[in-house]
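Overview (structure and organization)
Here is what each chain is made of, one letter per residue.
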Amino acid sequence: MGNVFSIQCGDALISRCWDCVAGQALYVCQLEDNLQELETARDKLRELSNDVMRMVISEETPQTVQLDRVGGWLSRVDATITEVNSLLNRATRERQKLCLAGCCSKNCKSTYMFGKSVSRSLKHVVGLMSEGEFKEVVIRAPAVQLQANLEALRTARRELWASKQDVKRKVDLEEGQQKKALQQVLLWLSMAEAMITEAEELERDGPQQVQKLLAGDISNYMFVGRVAKKLEDLIALKAKGDFKEVVERTLPEPVVVRNVNPTVGTETTLDEAWSFITGDQVGIFGIYGMGGVGKTTLLTQINNRFATISNNFDVLIWAVVSKDLKLEKIQEQIWKKIGFLDEKWEKKSLREKADDTFHALSRKKFVLLLDDIWQRVDLEEIGVPLPTRQNRCKIVFTTRSYRVGRQMEAEKMIKVKPLDWEEAWALFQKKVGDIDLDIVPLAQDVAKECRGLPIALITIGRAMASRITREEWKHALKVLRSSASSLPVMEDEVFQDMEVEVFVRLKFSYDSLSSDKVKSCFLYCSLFPEDFEIHKRGLVDYWICENFGDRNESYSIIGSLVGACLLEEQGEHVKMHDVIRDMALWIACKCEKEKHEFFMEAGAQLTQVPEVGKWERSKRMSLMANSIERIHEVPRCPHLLTLFLSYNNNLWVIGDGFFQFMDALNVLDLSCTDMRELPVEISKLNSLQYLNLSRTLIRQLPVELKMLVNLKYLNLNNTINLNMIPRGVISGLSSLQVLEMYNVDIFEVQKGEDNILREDNMLIEELQCLEHLNVLSSTITSVSGLQSYVNSLTLLNCTRALSLQLFPGPQSLNIWWLANMKNLALIYIVVRSDLGEPDVDVVMEEIETHDDAGGGLGNSMISRETCFNSLNTLNLMGSLRLKDLTWIILAPNLTDLYVGYNKHIEEIISAEKLDDVQVGDENFNPFFKLEYLNLENLPELKSIYPKALSFPSLKQIDVYKCPQLKKLPLNSSSANGGKVKIEAEERWWKDVEWEDDSTKTTFLPCFVPSRRGC
């Protein structure tokens, strides 16, 4: 059939149409009921509005104002009633349109729209009625309320101040020997002090705010709330200050055992000194004797005896004084033991520090050991209370001068005499080793020339250890006996009080060194201040650039000097005994002056450079560790090879022309100064091979620096203001072998296309141009930059330290990339959370397989062979997204571990993930070499290691703000039986869970209360 069509409608379409029609019909069918309900609701709303208005009228006074929400509600009610009246007025007309018993309308659209408006108005009226239940309709006027609160705040502040004074007086009365203030009391006092200050500021600003409010200005209405909140806080804090106990008994702090060589013949003197320590008759006593006789050794033995014999002293303090007396240096050594050495304390004046020191020591029964005093030390100026019969404190010092001892008001002076013959011969034999019988008489004659001085017996004995023929011994004896007759005349004050005879005998050890090169290296060590700890690697870097030898040979020379007892080895550092150093200076500045031409004023408390004429002919010059601020001289130093200006913390400017006539200069050290820019003349130092600018305030490197084509060593570590290195400077240093760029400023980098600090890839391109580079410390700012970095085999092999300072943002850091850096010793990873929410994942994926580990070690079996073998220091700071650090078991030589400010870490080493690692030994100890463990602000940390470990090398554990960490991986045999310092919060320490009672007993004496946050 034609003209036929069909429409297919689905059930869903029909259903939606019906819902629409039914919904519209509902407004029509319910119109009559809704109109009646609306009229009733309107009347009730009007009645409620009238009630609220009467409440406002009855309660409103000149001191009060109507609440804004009440006024707003009344306004909305008036508008709504007007709208409802309008609708009700239309109701008659709309009713006439209804038909079919009110279920239909003659004008469907009109009636539907009217019904919908009625329904909406009804809901609105009902809502307004529910909002109109006000408990209060007026409040006090803001100005009146503020005035009243300020008066109440003033009263509460005065009451809190009085309570604080009462608590403080109680602490002062009860705190003392082996008693200290409770941590909660100290915290309360600190909070009270801060809150009183804040209240005073509000009281000071209050009258002005009252006047503003009276004038109708409510722009700072929040001030009213601040005052009210502070009043509430003051009252609450005062209530918490009702302490029943304010002090508690304390255990003495653990003694730091100091290294000392085995000695002979000191027992009697040690016992005499110890009797003064334990007795009540002597408070201050001195130990005196000539240089090298063993005074410091005796003082060290006293120190170490405290670790083995029970005593009732609260704290033992060791401080080195030295010839260059600096009271601040002594204060700092004392404060490190009894206080928290932070930036706030360092900024205080000498007097303020003395007051702090006195306040702390006055409440302790202390022993103060002062080593190497050359002149009277004003203990009062430092802040050290004098010992009395009442406080029973002790002060012990060493000095070469009996006169200085008396100036120190010592009640007793113990003289350390040279060893008698039997003791001297025994010590000499010990250092020489086996001596043939036919040589013994000669050996005894050589030993007698040492005059019983331990340092001479040790150094000369060690020098003779390799001499096996009678002729060698005869020659040595001849040299020792003839040296005194050829002694140069002393004409100045430097050596007039020195035991020159000691130098003569010690010089034999110097003369016995294998070559002039080794002798020069030995004398080089005297350029550093007295008691200075010289880093071995740093010393080697100096010597390489002085052309003394390569790296391996330089380390070998250090070993030979240590073996000859001319240097003392202290881990990664060496230092010179003060007598050995004096002897070295005597040689360099007197005996062989024409040969060496040293100018030595290190640690001499200089405020300006010495007169140029005194040092223009010098070859090596050290002005280290002084207080020089400016250098404007223009010297002519054609022979100067070495210039040390480091540790002049106030040195901020070197004038033009200073370096103009130093053509031969090899080594220039400006580290640890306040230098802000480099003189351009440095670029004219054509012979310069070593330039150290670490820990300076320089902002940029001059482009002319690239002219130093012979430079082998450049140190920019910790130049936190350095934000500009022009393109071509680094790549232009074609001879560079060592480049240190660890922790440079990457957060305020200057803009500019030529600044290689602007992008990691620009820096990497420059580094890849350095053909001779073999030691590198670097700073990278992005994961993408790290990816480019690890793709360079040259950079991988020479990297020793890496600082990853990551900006927030979606990134995935693969720790496995770092495993290919075979010489990597230090890793520092920080995420800058102050610039945004951290979003950095950490994974451990083998580059070949790219298995997703998700964090930690993942699921694949990982061998620990060749991974992170050189890594000794790891610092992680910021919320890297990882749950554990199990990968550090791949670093068997780790000595220092710091983890801080991470809200994700739950375990240091995960028990579950240990099964994924091929350790090869069930007794495997991942922390075998760990010395320092520092955990800070880790709110989710629950475990360090799943079981107790031995920690044979551990020296210190710091735990701060790790509330969920309840147990340390220790047992009674860990850390050599408890020879470790554990610094933590007291409330955390009280809740520590121990392996057993024996472990608890072992480690309780190791606790030191944390002073962080105090």
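Residues numbered from 1 in each chain as written. Predicted model: local features only at pLDDT ≥ 70, side-chain atom pairs only at ≥ 80, totals over all residues. Heavy atoms only, no water.

Here we look at the overall build of the protein
Helix and strand counts for the protein come out as 33 helices and 36 strands. In the protein, buried positions account for 51% of the 1014 residues. Taking the contacts inside the protein whose residues are at least 6 apart along the sequence as the reference set, 68% of them involve residues at least 24 apart. Total accessible area on the protein stands at roughly 48,400 Å², and carbon and sulfur atoms take up 49% of it. (Helix = DSSP H or I, 4+ residues; strand = E, 2+ residues; numbered from the N terminus. Buried < 20%, exposed > 50% of the residue type's maximum accessible area, 1.4 Å probe, protein only. Contact = heavy atoms within 4.5 Å. Areas by Shrake-Rupley, 256 points an atom, 1.4 Å probe, with all protein chains shown as cover.)

Some thoughts on unusual backbone geometry
At Ala 625, a residue that is not glycine, the phi angle is positive and equals roughly 55°. You can see Ala 625 is positioned in the loop between strand S16 (620-622) and strand S17 (630-631). Located in the positive-phi region is Cys 672, a residue other than glycine, with phi close to 55°. Along the chain, Cys 672 falls in the loop between strand S20 (667-669) and strand S21 (690-692). The exposure class of Cys 672 is buried, given its relative accessible area of 14%.

Considerations on the nonpolar core
Phe 868 and Ile 908 are the most contacted members of the largest nonpolar core, which totals 124 residues. Of all hydrophobic cores here, the second largest spans 103 residues; its members include Ala 424, Trp 425, Val 446 and Val 518. (Core = buried A, V, L, I, M, F, W, Y, C linked by side-chain atoms within 4.5 Å.)

Observations concerning the sheet that holds strand S7 (residues 284-288)
Taken in spatial order, the 5 strands of this open sheet run S8-S9-S10-S7-S11, and their pairing is parallel. The open sheet is flanked by strand S8 (315-320) and strand S11 (412-415), the only strands paired with a single partner. Adjacent strand axes in the sheet meet at a mean angle of 15°, parallel and antiparallel pairs treated alike. (Pairing = 2+ DSSP bridges. Axes fitted to C-alpha atoms, helices over the stretch in contact; angles between N-to-C directions.)

Side note on the pairing of strand S9 (residues 366-373)
Note on strand geometry: in a regular strand, side chains alternate between the two faces of the sheet. Here S9 lies mainly inside the structure; 8 of its 8 residues are buried. When S8 meets S9, the two strands line up parallel, connected through 6 bridges. Residue pairing in the sheet places Val 315 in a bridge with Phe 366 of S9. Relative to strand S10 (residues 394-399), S9 is paired through 5 bridges, and the arrangement is parallel. Within the sheet, the bridge partner assigned to Leu 370 lies in S10 and is Phe 397.

Some points on the side chain of Gln 956
In this fold, Gln 956 is placed in strand S34 (residues 956-960). In this structure the side chain of Gln 956 is engaged in a polar contact, spanning 2.9 Å, whose partner is the side chain of Asp 958. The residues contacting Gln 956, other than those within four sequence positions of it, are Glu 931, Tyr 932, Leu 933, Val 980, Lys 981 and Glu 983. (Polar contact = N/O pair within 3.5 Å; in protein donor to acceptor, adjacent residues only side chain to side chain.)

Observations concerning the packing of helix H15 (residues 421-432) against helix H16 (residues 440-448)
Contact pair H15 / H16: the axes reach a minimum separation of 10 Å and the direction vectors enclose 110°. Classified by the angle their axes make, H15 and H16 are roughly perpendicular. Relative to H16, H15 is oriented so that their crossing is right-handed. Residues Trp 421, Trp 425 and Phe 428 of H15 form the contact with H16, whose participating residues are Val 440, Ala 443, Gln 444, Val 446, Ala 447 and Lys 448. (Parallel < 35°, antiparallel > 145°, perpendicular 65-115°, else oblique. Left-handed = near helix turned anticlockwise from the far one by under 90°.)

Details of the sheet that holds strand S12 (residues 534-535)
One open sheet accounts for 3 strands, arranged S12-S14-S13; its pairing is antiparallel. Edge positions in the open sheet fall to S12 and strand S13 (568-570), since each of these has one partner strand only. Sheet analysis places S13 next to strand S14 (residues 573-575), joined by 3 bridges and oriented antiparallel. Bridge assignment links Gln 570 to a residue of S14, and that residue is His 573.

Overview of the environment of Phe 223
On the secondary structure map, Phe 223 appears in helix H7 (residues 222-240). The exposure class of Phe 223 is buried, given its relative accessible area of 3%. With 21 residues separating them in the primary sequence, Phe 223 and Leu 202 have C-alpha atoms 8.5 Å apart. Contact partners of Phe 223, with chain neighbours within four places excluded, come to Leu 146, Leu 202, Asp 205, Gly 206 and Gln 209.

Quick word on the packing of aromatic side chains
Evaluated as defined, the whole model comprises 31 aromatic pairs. Relative to Tyr 945, the ring of Phe 927 lies with its centre 6.5 Å away and its plane at 70°, an arrangement referred to as edge-to-face. With Phe 927 in the loop between strand S32 (917-918) and strand S33 (932-936) and Tyr 945 in the loop between S33 and S34, this pair connects stretches of sequence that are 18 residues apart. Here Phe 927 and Phe 951 contribute two aromatic rings whose centre-to-centre distance is 5.7 Å and whose plane-to-plane angle is 10°, an arrangement assigned as stacked. (Phe/Tyr/Trp six-rings, centres within 6.5 Å; stacked < 30°, edge-to-face > 60°.)

A closer look at the packing of helix H6 (residues 183-214) against H7
Put simply, H6 and H7 touch, their axes get as near as 10 Å, and they point 150° apart. In terms of orientation, H6 and H7 fall into the roughly antiparallel class. Crossing geometry of H6 relative to H7 is assigned as left-handed. Contact with H6, carried on its side by Trp 188, Met 191, Ala 192, Met 195, Glu 198, Ala 199, Leu 202, Asp 205, Gly 206, Gln 209 and Leu 213, involves Phe 223, Val 224, Arg 226, Val 227, Lys 230, Asp 233, Leu 234, Leu 237 and Lys 240 of H7 and no other residues of that element. Residues of the contact of H6 with H7, tallied by class, amount to 12 nonpolar, 2 polar and 6 charged. (Nonpolar A, V, L, I, M, F, W, Y, C, P; charged D, E, K, R; others polar.)

Side note on the side chain of Gln 301
By secondary structure assignment, the location of Gln 301 is in helix H9 (residues 295-305). Here Gln 301 falls in the buried class, since its relative accessible area comes to 15%. In this structure, Gln 301 is in contact with Thr 263, Thr 266 and Leu 270, ignoring residues within four places of it in sequence.

Looking at the pattern of salt bridges
Per the stated rule, a full pass over the model turns up 37 salt bridges. Taking the shortest distance from any N to any O, the salt bridge between Asp 233 and Lys 229 comes out at 2.9 Å. Placement of both Asp 233 and Lys 229 in helix H7 is noted, with a separation of 4 residues, approximately one turn of the helix. Two residues, Glu 983 and Lys 981, come together in a salt bridge whose shortest N-O distance is 3.7 Å. Given a relative accessible area of 27%, Lys 981 falls into the partly exposed group. (Salt bridge = Lys/Arg side-chain N within 4 Å of Asp/Glu carboxyl O.)

Quick look at helix H17 (residues 454-463)
Counted residue by residue, H17 has 9 buried out of 10 residues, so it is predominantly covered. Those residues of H17 that fall on the buried side of the exposure criterion are Pro 454, Ile 455, Ala 456, Leu 457, Ile 458, Thr 459, Ile 460, Gly 461 and Ala 463.

Digging into the confidence of the model for the protein
Residues with a pLDDT of 70 or more make up 86% of the protein, whose mean pLDDT is 84. The low-confidence segment residues 484-498 (pLDDT under 50) makes 20 contacts with residues lying over four places distant or belonging to another chain. When the criterion is pLDDT under 50, residues 847-864 qualifies, and its contacts beyond four places in sequence or with other chains add up to 49 contacts. (pLDDT = per-residue confidence, 0-100.)

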